[in-house]
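Next come the chains, spelled out residue by residue.
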Amino acid sequence: MVEKIKCGVLGATGMVGQQYIKLLVNHPWFEVVDVAASPQSAGKTYAEAVKDKWQMDIPIPDNVKDLTVRDVQDYAKLPKDLGFVFSAVEMPKKDDIKAVEDEYARIGIPVVSNNSAHRWTKDVPCLIAEVNAHHVDIIPAQQKARGWSKGFIVVKPNCSAQSFLTPIFALERAGYKVDKLIITTLQATSGAGYPGVPSLDLVDNIVPLIGGEEEKTEKEPHKILGKIVGGEFVNDESIKISSTCTRVAVVDGHTAVVNVKFKDNVPGQEEIVKIWRGFKALPQELGLPMAPKRPIIYLDQENRPQPRKDRNNDKGMAVTVGRLRKDPVFDYKFVALSHNTIRGAAGGGILNAELLKAKGFLK
Ligand code: NAP
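Residues numbered from 1 in each chain as written. Predicted model: local features only at pLDDT ≥ 70, side-chain atom pairs only at ≥ 80, totals over all residues. Heavy atoms only, no water.

A. Representation of the domain arrangement of the chain in the model. Entries for the chain in the domain assignment read domain 1 (5–158 + 346–358) and domain 2 (161–339). Taken together, the two surfaces of domain 1 and domain 2 that pack against each other cover about 3000 Å², and 70% of this comes from carbon and sulfur. It is Trp-120, Glu-130 and Asn-158 in domain 1 that bury the most area against domain 2; as a group they hold 24% of the surface buried on that side. Where domain 1 meets domain 2, there are 12 residue pairs in polar contact (both at pLDDT 80 or more). A per-element tally of the side of domain 1 that touches domain 2 places helix α14 (residues 342–358) first, with 7 residues. Class assignment for the residues of the side of domain 1 that touches domain 2 results in 19 nonpolar, 12 polar and 9 charged. (Domains from an automatic or database assignment. Buried area = accessible area lost by both parts, 1.4 Å probe. Polar contact = N/O pair within 3.5 Å; in protein donor to acceptor, adjacent residues only side chain to side chain. Helix = DSSP H or I, 4+ residues; strand = E, 2+ residues; numbered from the N terminus. Nonpolar A, V, L, I, M, F, W, Y, C, P; charged D, E, K, R; others polar.)

Rendered as structure tokens:
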């Protein structure tokens, strides 16, 4: 039997951290041996630390319930044989998260992050495994520039990015260059972490602002679609994006309403659906355990996708798309949905780690 790589979860008690714990039970390649959170949780057993806020639909798993939670910044208590960490911490300042992730990498522990802190760092890849897997090629340059021998940092983009960018990337890859996008997101409550948005602000309501989210939606695709030049990413800003991000009273599953204008060559409607249904990329070719078999599921039903019915498609890892139709102002419009704490957070992070292992970066 092949020995599993031992991993830790930073922020293991939070919304995303709990999803990591759930998804990593019986993972064929990775085994959770370390759970870390804030100083308030440090020293408690994992079961004790999450007892009042466990949100998963399974009991607290046996493999972690008796682990002692470590303070994320207590580096002296790190298990000796830790292969890497998943990072999903929330801290008052982004620079604090940056400093923590840098320190893990410096002491030789690769960091597979969900946080936004390093998304704009010039030599840190921001990965959607089906879109820009080749961006991991920057890791040796990142390590060299910082004098890190084994450690490195990769991040994943904002929790709704894959829902619109994967279908758009599939069309660009098929030769249909996109010019403009208008994206309106309807984002779930779990995207705000635990305990999230107060119920009196959310029930019977839509909150038309999520701080910082529109900027992330408009800019992160440029890095993801960019190129590595001289050990840094150069953004591809050829798609102009305008977005409005709203918070809605849905527990899980971010919806994106997308209007798309192509540059010159406009595909037919049937052609678009064919491209989406046939889309596969490296994670599918490599057969990575967390990879959805079909990264984009197109539904013909007129009233889909819907969060409650479609967010768990293919382990919560597929992007479900529907309602493709002509747009009288742009060329087309459609609705896309993906599970924010699975595909948009922990599941996406695990897929990135599987990609890194398959490419020899995690041992
Ligand atoms: P959350 O539910 O608020 O969890 C935050 C985690 O960070 C908890 O484990 C918490 O530990 C820990 N923490 C808080 N303050 C800390 C400190 N000073 N030092 C060390 N650890 C500290 O948040 P979340 O939704 O899981 O989000 C975690 C990260 O993932 C954020 O950066 C978020 O932007 C990102 N993200 C979230 C989503 C999503 O859908 N929720 C999607 C993509 C990315 P205690 O329990 O001990 O307080």
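B. The arrangement of the site of the ligand in detail. Around the ligand lies a shell of 26 residues, among which Thr-13, Ser-38, Ser-41, Lys-53 and Asn-115 are the nearest. Interatomic distance of 2.9 Å between a backbone N/O atom of Met-15 and an oxygen atom of the ligand. In this structure, an oxygen atom belonging to the ligand sits 2.8 Å away from a main-chain N or O atom of Val-16. For the ligand, the accessible surface in isolation is 900 Å², of which the surrounding protein chains cover 85%. When atoms are counted within 2 Å of each cavity's grid points, the one that captures over half of the ligand is the largest pocket. (Near = heavy atom within 4 Å. Areas by Shrake-Rupley, 256 points an atom, 1.4 Å probe, with all protein chains shown as cover. 1 Å grid on protein atoms, 1.4 Å probe; cavity = no way out; pocket = protein on both sides within 12 Å on 5 of 7 lines; lining within 4 Å. Sits in = over half its atoms within 2 Å of the grid points.)

C. Highlighting the sheet that holds strand β4 (residues 84–87). Ordered by their spatial adjacency, 6 strands build an open sheet running β3-β2-β1-β4-β5-β6, and the pairing between neighbours is parallel. Where the open sheet ends on each side, the last strands, each with one partner, are β3 (70–71) and β6 (153–155). Summarising the sheet, β4 and strand β5 (residues 111–113) pair through 3 bridges and their orientation is parallel. Looking at the pairing, Phe-86 lines up with Val-112 of β5. Taken strand by strand, helix α4 (residues 94–106) contacts β1 (5–10), β3, β4, β5 and β6, and its axis lies near 150 degrees from that of β5. (Pairing = 2+ DSSP bridges. Contact = heavy atoms within 4.5 Å. Axes fitted to C-alpha atoms, helices over the stretch in contact; angles between N-to-C directions.)

D. Quick peek at the side chain of Thr-185. Structurally, the position occupied by Thr-185 is in strand β7 (residues 178–187). Setting aside its immediate chain neighbours within four residues, Thr-185 contacts Ser-160, Thr-244, Cys-245, Thr-246, Thr-255 and Ala-256.

E. Structural context of the sheet that holds strand β12 (residues 254–262). Pairing within the open sheet is mixed, and its 7 strands lie in the order β8-β11-β7-β12-β15-β14-β13. Lying at the two open borders of the sheet, with one neighbouring strand each, are β8 (206–207) and β13 (296–298). Here strand β14 (residues 319–326) runs beside strand β15 (residues 332–338); their pairing, made up of 5 bridges, is antiparallel. Looking across to β15, one finds that Thr-320 is bridged to Leu-337. Across the sheet, helix α10 (residues 269–278) touches β13, β14 and β15, and the angle it forms with β14 is around 170 degrees.

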